[in-house]
Amino acid sequence: MAKIMSKSELVQKIAELHSEKLSRMDVKNVIESLAEVGYKELKKTGAFLVPGFAKFVVIKKPATKARKGINPFTKEPTIFKAKPAWKIIKARPVKAAKDSV
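All values reported here derive from a predicted model rather than from experimental measurement.

A. View of the overall build of the chain. If you tally the helices and strands in the chain, you get 3 helices and 5 strands. For 101 residues, the compact-globule formula gives about 13 Å, and the C-alpha radius of gyration of the chain, at 21 Å, lies well above that figure. Summarising its shape, the C-alpha atoms of the chain cover approximately 65 × 35 × 25 Å along the three principal directions. Burial status across the chain gives 13% buried among its 101 residues. Taking as baseline every contact in the chain between residues at least 6 positions apart, the subset at least 24 positions apart corresponds to 37%. As displayed, the chain has an accessible area near 8,800 Å², and 63% of this comes from carbon and sulfur atoms.

B. Representation of the sheet that holds strand 5 (residues 86–93) within the structure. Spatially, 3 strands are ordered 1-2-5 in an open sheet, and the strand pairing comes out antiparallel. Either end of the sheet is taken by a strand with one partner, and the two such strands are strand 1 (47–50) and strand 5. Ignoring which end each strand starts from, the neighbouring axes of this sheet average 20° apart. The pairing of strand 2 (residues 54–61) with strand 5 spans 8 bridges and is classified as antiparallel. When the bridges of strand 5 are listed, Lys 61 appears paired with Trp 86.

C. The arrangement of the pattern of salt bridges in detail. As enumerated under the stated definition, the model contains 6 salt bridges in all. Here Glu 9 makes a salt bridge to Lys 3, at a shortest N to O gap of 2.8 Å. In this structure, Glu 32 and Lys 7 form a salt bridge, with 2.9 Å as the shortest nitrogen-oxygen distance. You can see Glu 32 sitting in helix 2 (residues 24–45) and its partner Lys 7 sitting in helix 1 (residues 7–17), a full 25 residues away along the chain. For Glu 32, a relative accessible area of 33% puts it in the partly exposed group. Within the structure, one salt-bridge network assembled from shared partners comprises Lys 7, Lys 28 and Glu 32.

D. View of the pairing of strand 1. Here strand 1 shows one buried face, formed by Phe 48 and Val 50, and one open face, formed by Ala 47 and Leu 49. Two elements, strand 1 and strand 2, share 4 bridges in a ladder whose sense is antiparallel. Across the sheet, residue Leu 49 finds its bridge partner in strand 2, namely Lys 55. Once strand 1 ends, the chain turns through 3 residues before running back antiparallel as strand 2, passing Gly 52 with a positive phi of about 80°.

Rules and cut-offs
Residues numbered from 1 in each chain as written. Predicted model: local features only at pLDDT ≥ 70, side-chain atom pairs only at ≥ 80, totals over all residues. Heavy atoms only, no water. Helix = DSSP H or I, 4+ residues; strand = E, 2+ residues; numbered from the N terminus. Rg over C-alpha atoms; globule rule 2.2 N^0.38 Å. Buried < 20%, exposed > 50% of the residue type's maximum accessible area, 1.4 Å probe, protein only. Contact = heavy atoms within 4.5 Å. Areas by Shrake-Rupley, 256 points an atom, 1.4 Å probe, with all protein chains shown as cover. Pairing = 2+ DSSP bridges. Axes fitted to C-alpha atoms, helices over the stretch in contact; angles between N-to-C directions. Salt bridge = Lys/Arg side-chain N within 4 Å of Asp/Glu carboxyl O.

Purely spatial values, then, with no claim about function.
As structure tokens, then:
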């Protein structure tokens with residue numbers, strides 16, 4: 001399994017790319033501001049675009065009622081509990097990000 005880059009590693013790489021203009025602290029503040037703006041936009045409009053990377057969208061899942069079913073392993077009848085409505089966030093990569101992989 002590939003290692004996922006941590007926030008500090010991301011800050012370090014970006015700071016190295018722009019070492020003459022930006023400090024690590026500047027880069028860290030920009031990343032934190034991007035996340036903060038993203039959270040507010042997702043809450044307000046339900047979508048947030050990071051140009052050249054991905055579009056994040058909120059998807060509303062409806063509530064489900066309790067229902068009867070059969071456990072596929074034991075073949076015994078069972079009741080699936082009801083679930084309240086909930087929201088999930090999906091990231092949809094932009095074409096440039098898809099093409100780079």
